[in-house]
Amino acid sequence: MESRTNNQAKPSTLTPDNALTTMTPDNAAAALTTAAAPSSQPATPPSRQGNMRRIAITAVGLIVLVGLVVLVFWLALRPMPLEYTIDDAHIRGFNITAHALNGVFDLRLRSYNHNTRFSVYYDAMEVTVWYGEQTVAISKVAPFYQPRHYVQTITVSATAQSTPLLRPVEKNLRHNESAGVVELEVRARARIRFAVGVVKKHYKLKAYCAPVVMHCSPSSHFDRVYCTSATLRSV
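Criteria and thresholds
- Residues numbered from 1 in each chain as written.
- Predicted model: local features only at pLDDT ≥ 70, side-chain atom pairs only at ≥ 80, totals over all residues.
- Heavy atoms only, no water.
- Helix = DSSP H or I, 4+ residues; strand = E, 2+ residues; numbered from the N terminus.
- Expected span 1.5 Å × (residues − 1).
- Buried < 20%, exposed > 50% of the residue type's maximum accessible area, 1.4 Å probe, protein only.
- Arc of directions from axis to C-beta.
- Contact = heavy atoms within 4.5 Å.
- Core = buried A, V, L, I, M, F, W, Y, C linked by side-chain atoms within 4.5 Å.

Participant: Got a minute to help me understand helix α4 (residues 167-179) in this structure?
Facilitator: Since the α-helix packs 3.6 residues into each turn, any two residues three or four apart lie on the same face. With 13 residues, α4 should cover 18 Å at 1.5 Å per step; its first-to-last C-alpha distance of 19 Å lies within 8% of that length. If you check which residues of α4 are buried, you get Val169, Glu170, Leu173 and Asn176. Looking straight down α4, one finds its buried side chains confined to an arc of 125°; they lie on one side. The exposed residues of α4 that point more than 90 degrees off its buried face are Arg167, Pro168, Lys171, His175, Ser178 and Ala179. Where α4 is buried, its residues touch β1 (83-97), β2 (100-113), β3 (119-131), β4 (134-141) and β7 (181-196).

Here's what the structure looks like:
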């Protein structure tokens, strides 16, 4: 009797590893809720390099567009060269000692701005007096503004102060000194800006005036000298 009792099969015990989970309505709802929940990890942001590239392309495009607009506008309103003349020129204190020149060359230049749309800003200007291939006097002109369609008078006193002279130049100048008349060349160089509205463009200006016959006496008559057309070079 006892042996029969011991041989009866004992119920097996299911562990969590081999147990089958019974799907109840509550379990199914929990599973669906877990599957639908969004991931807690944030999305990867776009790269910084990509953003910088797009910004750079946009900036370059805007610069090119603005440049094209300004270029078309400028070509449609191209400025005309300025007209230069010398209305008066005389020499004071002219003398040659120890192979050097002393004297003051008083000049009155006339600049005519033909342009009806463009005004001119002179940022820097230099006037030089030449005899042959040598510079004998120089003067700086303070910056000034020239309105549209306007005649500007520029008074210059180019000074020669113990300027060393080449031998051929000295010989010819001594001859001119005895005659009281000196034939020279005047050159003007300037950095200018043509302006129309808010648009400005930089140029280099050069003007050549020759021959300029200067008298040692201020009371002597002077004939106006027309300079070659002032050349403009964009910078």
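Still to come is the rest of the account.
Participant: Sorry, what's going on with the nonpolar core here?
Facilitator: In summary, soluble globular proteins display a tendency toward joint burial of nonpolar side chains. Counting 47 residues, the largest nonpolar core has Tyr84, Ile86, Phe105, Tyr122 and Met125 as the members making the most contacts within it. Mapped by element, the contributors of at least two residues to this core are β1, β2, β3, β4, β6 (150-164), α4, β7 and β8 (199-215). At eight residues, β7 tops the list of elements feeding residues into this core. Apart from residues no more than four positions distant in its own chain, tyrosine 122 is found in contact with Leu82, Tyr84, Ser111, Pro143, Phe144, Gln146, Ala190, Arg191, Ile192 and Leu205.

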